[in-house]
Amino acid sequence: MTDPIADFLARVRNAILSRKTTLDLPGSKLKLQIAELLKQEGFFTAVSETADGWRKTLSITLRWDAGNRPAITGLRRVSKPGQRAYVNTGKLPKVRGGLGTAVVSTSKGVMTDRQARKLGIGGEVICEVW
């Protein structure tokens, strides 16, 4: 697999389009950190990781509102393997005018654009979720 993060985002997008409530996918440390971050932001209901020998599986429960609409209306991979997107503090993106979240990988770990702005650090913009 060339880009596991793009695969993660595509699986989430496909689960939303097929109206699934839960999603199982191959796990990794970075995928778990991104999923936990999106859970804190209110896009996922639950995130858990199970290990079966050497293989890890990430289980995600998607969040739906009372009108049966998904919490995630869109997501986009920003930094790709062929073209990385690094930004400093002043250039951190505001997704949909602050209504969405950008996931940023910094020297202090994976965090949202708001947390990175508050700490005054930049990094690699992994993806945007709104």
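Every value quoted in this text rests on a predicted model; they were computed, and no experiment measured them.

Caption draft 1: Spotlight on the overall build of the protein chain. Along the backbone of the protein chain there are three helices and eight strands. In sequence order, the secondary structure elements of the protein chain are arranged as α-β-α-β-β-β-β-β-β-α-β. Here the C-alpha radius of gyration of the protein chain, 15 Å, is about what a compact globule of 130 residues would show, namely 14 Å. Expressed as lengths along the three principal axes of its C-alpha atoms, the size of the protein chain is roughly 40 × 40 × 25 Å. Within the protein chain, the fraction of its 130 residues that count as buried is 38%. Sequence-distant contacts in the protein chain: of pairs separated by 6 or more residues, those separated by 24 or more amount to 60%. A total accessible area of about 7,500 Å² is found for the protein chain, and carbon and sulfur atoms account for 50% of it. The averaged location of the 11 negative side-chain charges in the protein chain is 5 Å from the averaged location of its 22 positive side-chain charges.

Caption draft 2: Region of interest: the sheet that holds strand 2 (residues 44-52). Read from one edge of the open sheet, three strands run 1-3-2, paired in antiparallel fashion. Unpaired on one side and paired on the other, strand 1 (22-26) and strand 2 mark the two borders of the sheet. Neighbour-to-neighbour, the strand axes of this sheet turn through a mean angle of 20 degrees, independent of strand direction. Sheet topology note: the strand 2/strand 3 (residues 55-62) ladder contains eight bridges and is antiparallel.

Caption draft 3: Geometry of the packing of aromatic side chains. Under the counting rule described, the total for this entry stands at zero aromatic pairs. A cation over an aromatic ring shows up here: Arg-96 above the ring of Trp-130, its NZ or CZ 4.0 Å from the ring centre.

Caption draft 4: Quick peek at the pairing of strand 8 (residues 123-129). For strand 8, the buried fraction is high: seven of the seven residues fall into the buried class. Judged from the three bridges that link them, strand 4 (residues 75-77) and strand 8 form a sheet pairing that is antiparallel. Across the sheet, residue Arg-76 finds its bridge partner in strand 8, namely Glu-128. With two bridges joining them, strand 5 (residues 86-87) and strand 8 adopt antiparallel strand pairing. Counted as the bridge partner of Tyr-86 is Glu-124 from strand 8. Judged from the five bridges that link them, strand 6 (residues 101-106) and strand 8 form a sheet pairing that is antiparallel. Within strand 8, the residue paired with Thr-101 across the bridge is Val-129.

Caption draft 5: Here's a closer look at helix 2 (residues 29-40). Compared with the 16 Å implied by 1.5 Å per residue over twelve residues, the 17 Å span of helix 2 between its first and last C-alpha is a close match. Three or more residues of helix 2 are buried, namely Lys-31, Ile-34, Ala-35, Leu-37 and Leu-38. One face of helix 2 carries all of its buried residues, which in axial projection span an arc of 160 degrees. Exposed residues on helix 2 whose side chains face more than 90 degrees from its buried face are Lys-29 and Gln-40. Count one or two residues on from helix 2 and you reach Gly-42, which has phi positive near 95 degrees.

Caption draft 6: Representation of unusual backbone geometry. With a phi close to 60 degrees, Asn-68 is a non-glycine residue in the positive phi region. Of note, Arg-96 is a non-glycine position whose phi angle comes to about 50 degrees, a positive value. Structurally, Arg-96 is set in the loop between strand 5 and strand 6.

Thresholds, definitions, all that
- Residue positions are given per chain, counted from 1 along the sequence in the order it is written.
- Where totals are concerned, whole chains, interfaces and linings use all residues; where local detail is concerned, this predicted model gives features only for residues with pLDDT of at least 70, and gives and counts side-chain atom pairs only at 80 or more.
- Hydrogens and water are ignored here; the side-chain numbers use all heavy atoms of the structure.
- Elements are defined by DSSP. Helices are runs of H or I of four residues or more, strands are runs of E of two residues or more, and each kind is numbered from the N terminus.
- What the globule rule says is 2.2 Å times the number of residues to the power 0.38, and the radius of gyration is computed from C-alpha atoms.
- A simple rule labels every residue: compare its accessible area, found with a 1.4 Å probe on the protein chains alone, to the largest value its type can have, and call it buried under 20%, exposed over 50%, or partly exposed in between.
- Contact definition: two residues touch when any of their heavy atoms are within 4.5 Å.
- Using a 1.4 Å probe, the Shrake-Rupley method yields the accessible areas, and only the shown protein chains count as cover for residues.
- Neither His nor the chain ends is counted toward charge; the positive residues are Lys and Arg and the negative residues Asp and Glu.
- Where a charge lies is defined by one atom per residue type: Lys uses NZ, Arg uses CZ, Asp uses CG and Glu uses CD.
- For two strands to be treated as a pair, DSSP must find at least two bridges joining them.
- Every axis corresponds to a line fitted to the C-alpha atoms, with the helix fit spanning only the stretch in contact, and the corresponding angles, defined between N-to-C directions, vary from 0 to 180 degrees.
- Note on aromatic pairs: the rings of Phe, Tyr and Trp (six-membered ring only in Trp) are paired at centre separations within 6.5 Å, and the planes decide the class, stacked below 30 degrees, edge-to-face beyond 60, tilted for the rest.
- A ring has a charge above it when a Lys NZ or an Arg CZ is no more than 6 Å from the ring centre and no more than 35 degrees off the ring normal.
- For a helix, the expected span equals 1.5 Å multiplied by the residue count minus one.
- Read the arc as the range of directions from the helix axis to the C-beta atoms.

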